[in-house]
Amino acid sequence: MSLLAELDRSDFAAVGAELHQFAADLYPICRSITGEGIRKTLAMIRERVQLQLFDVPTGTPVFDWVVPKEWNIRDAYIKVPGGDRVLDFRKSNLHVLNYSIPVCATLSLSELRPHLYTMPDKPEWIPYRTSYYKEDWGFCLSHNQMLALKDGEYEVCIDSSLVDGRLTYGEFVIPGRSPDEVLISCHACHPSLANDNLSGLTVATSLARLLLEKDLRYTYRFLFIPGTIGAIAWLARNQRTVSNIRHGLVLTCLGDTAAFHYKKSRRGDALVDRAAANVLAYSGEGAQILDFSPYGYDERQYGSPGFDLPVGCLMRSVWGTFPEYHTSADNLEFIRPAQLAESLRMCVAILDVLENDRRYRNLSPFGEPQLGKRGLYPSGGGESIAQEVLARLWVLNLSDGGHSLLDIAERSALPFQAIHQAANILCRGGLLSPLPEAGDGEVVSSEASQSNRQQRL
Ligand SMILES: [Zn+2]
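Residues numbered from 1 in each chain as written. Predicted model: local features only at pLDDT ≥ 70, side-chain atom pairs only at ≥ 80, totals over all residues. Heavy atoms only, no water.

**Quick look at the overall build of the protein**
Put simply, the test is: Starting at the N terminus, helices and strands are each numbered in turn, a helix being any DSSP run of H or I of at least four residues and a strand any DSSP run of E of at least two. Think of it in three bands: residues with accessible area under 20% of the maximum for their type are buried, residues over 50% are exposed, and the middle band is partly exposed, with areas taken using a 1.4 Å probe on protein chains only. Whether two residues are in contact is decided by their heavy atoms: any pair within 4.5 Å suffices. The accessible surface values rely on the Shrake-Rupley method and a 1.4 Å probe; as for residues, cover is taken only from the protein chains in view. Within this scheme the basic residues Lys and Arg register as positive and the acidic residues Asp and Glu register as negative, but His and the chain ends are omitted. The location of each charge is read from NZ of Lys, CZ of Arg, CG of Asp or CD of Glu.
A tally of helices and strands in the protein yields 14 helices and 19 strands. By its C-alpha atoms, the protein is 90 × 45 × 35 Å across when sized along the principal axes. Expressed as a percentage of its 457 residues, the buried residues of the protein come to 56%. The long-range fraction of contacts in the protein, counting pairs at least 24 apart against all pairs at least 6 apart in sequence, stands at 80%. For the protein, the accessible surface area stands at approximately 19300 Å², while carbon and sulfur atoms represent 49% of it. Placing the 45 positive and 54 negative side-chain charges of the protein at their respective mean positions leaves the two points 4 Å apart.

**What to know about the environment of Ser 108**
Basically, it comes down to this: Between N or O atoms, a polar contact is any pair within 3.5 Å; within protein, one atom must be a potential hydrogen donor and the other a potential acceptor, and residues adjacent in sequence are included only when both atoms are from side chains.
Along the chain, the position of Ser 108 falls in strand β6 (residues 103-108). Measuring from C-alpha to C-alpha, the distance between Ser 108 and Asp 151 comes to 7.3 Å, with 43 residues separating the pair along the chain. With near-sequence residues (within four places) excluded, Ser 108 lies in contact with Gly 152 and Glu 153. At 3.2 Å, the side chain of Ser 108 and the side chain of Ser 110 are in polar contact.

**Overview of the coordination of the zinc ion**
What counts here: Donor atoms: N, O and S within 2.8 Å of the metal, or within 3.2 Å for Na, K and Ca. Because water is excluded, sites can look incomplete.
Every protein donor of the zinc ion is listed here as His 190 (NE2), Asp 196 (OD) and His 326 (NE2), and their distances to the metal cover 2.0 to 2.1 Å. Here the donor residues of the zinc ion are spaced in sequence according to H-x5-D-x129-H. Placement of the pair is His 190 in the loop between β11 (181-187) and α6 (194-211) and His 326 in the loop between β16 (311-315) and α10 (337-356), with a sequence separation of 136 residues.

**Re the pattern of salt bridges**
Here is the rule we go by: Any carboxyl oxygen of Asp or Glu within 4 Å of a side-chain nitrogen of Lys or Arg constitutes a salt bridge here.
Under the defined criterion, the tally for this structure stands at 24 salt bridges. With a closest N to O distance of 3.2 Å, Lys 214 and Glu 6 form a salt bridge. Of this pair, Lys 214 sits in the loop between α6 and β12 (219-225) while Glu 6 sits in helix α1 (residues 3-7), and the two are 208 residues apart along the sequence. Taking the shortest distance from any N to any O, the salt bridge between Arg 217 and Glu 437 comes out at 3.7 Å. With a gap of 220 residues between them, Arg 217 in the loop between α6 and β12 and Glu 437 in the loop between β19 (432-434) and α14 (446-456) connect regions that are remote in the sequence.

**Looking at the layout of surface pockets**
Under the convention used in this document: Cavities and pockets were defined on a 1 Å grid built from protein atoms only: a cavity is a group of points that admits a 1.4 Å probe but offers it no way out, a pocket is an open group of points flanked by protein on both sides within 12 Å along at least five of seven lines, and a lining residue is one with an atom within 4 Å of any such point. Grid points are joined across faces, edges and corners, and a volume is the space filled by probe spheres set on the points. In this classification, the charged set is Asp, Glu, Lys and Arg, the nonpolar set is Ala, Val, Leu, Ile, Met, Phe, Trp, Tyr, Cys and Pro, and all remaining amino acids, among them Gly, are polar.
Approximately 450 Å³ is the volume attributed to the largest pocket. His 190, Thr 228, Gly 296, Arg 300 and His 326 are the residues nearest the centre of the largest pocket, which is lined by 24 residues in total. With three residues, β11 is the largest single contributor of residues to the lining of the largest pocket. The residue inventory of the lining of the largest pocket, partitioned by class, reads 12 nonpolar, eight polar and four charged.

**Structural notes on empty space enclosed by the protein**
Once rolled over the atoms, a probe with the size of a water molecule shows which space is left empty. Tallied over the entire structure, the rule returns one cavity of 30 Å³ or more. One number sums up the size of the largest cavity: a volume of about 60 Å³. As for the largest cavity, its lining consists of Glu 18, Leu 19, Phe 22, Arg 48, Thr 202, Thr 205, Ser 206 and Arg 209. Taken together, the elements giving at least two residues each to the lining of the largest cavity come down to α2 (12-26) and α6. Of all the elements, α6 adds the most residues to the lining of the largest cavity, at four residues. Looking at the lining of the largest cavity residue by residue, the classes come out as two nonpolar, three polar and three charged.

**With respect to the confidence of the model for the protein**
Caution applies to low-pLDDT regions: their predicted coordinates should not be interpreted in detail. Condition: The predictor attaches a confidence to each residue, and that confidence, scored 0 to 100, is pLDDT.
Mean pLDDT over the protein works out to 94, with 94% of the residues at or above the 70 mark. Low pLDDT, under 50, characterises residues 442-457; the predicted model gives this stretch 19 contacts beyond four residues in sequence or across chains.

And the structure:
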């Protein structure tokens, strides 16, 4: 089965429009690592896929961390006494330092200034700042807005609460033939930021819907979680589940116009790393593979040494390197329907490799089988061998039971998709036979299939 072939029959303009509309619906919500904003977001995802929601109470120890108090906010402003608001949370939820403690005071401009965050080099943009683990309060505003503040007194109000509550995350599992799992994880904790947060969320939601009711080799586990603390809390509560994870992807920053970037898992040579490398190699100009680093998104939690899970990160622009990152310019115009749809396609292409990578045996291994008499070689042949035929010859030559289709794609420098198609055609032509793998009906453990392979070789 090819998930990609099925997706390619879709109307991509409609797919992109739906992804962008979902991002637009989620955009106004003031999310954080806890509180009503993330719960409302999860509830909206739940209208599309039946997420299971989990609550972890404040104070719960999770490895070296403790689940923080729950933060909620209703309103915030700075205003001239008796006058209008000069800064208004209702206009942008980025205006408040995320996790600000409540405050209500009259301050001079010089007293207020240490609590104001701006970006002098991008004077029109509002920065996104947080203070999750140090109790503080503050406002974020454009540098121009700050320059316009005249000396004098200001009324400041942050109508928030920071009290014992819970951290909420969502999980959605799609069972496959094998208990071996693919983990798809995205963070859902940023307020009105589109590329960093909503693009990953929306693509992951659509991906989950695409996989529903499919005959899948792997079991898929989708996590919609607050960044860092959410991944750590999930890992702490799921130490047994984790042993089933064979491959994983963190999805983020998938809506802008940059080329794709894939950050390898800590292992560096995991199957998901190789699958992503093959798919990205044929995805157009500029796609890049990045080495693992212990900084970035939640791949660094999954890749902490105690877990060392094979989880990479798929992005377009890389966190921290694009000017719009963590600013008000990461908005709905910055993410595009066509790029969101193409990102969904890229995820499906990577999963297609994982789903279909397996070993085969050439049933006619003595000399090259005569493809022409089976209608598998174009008449004329010779000089310019089409990629299709080349793929068939590579599959036949390397299908000695030891090489998987991805091994063959790498060795032949051909797209996995072409190699997979060739294998299907050769199977139908009676020249190739699949070797048993985990997920073939009765579950074969990877050790069992390994020893199977060794016996056959
Ligand atoms: Zn971020």
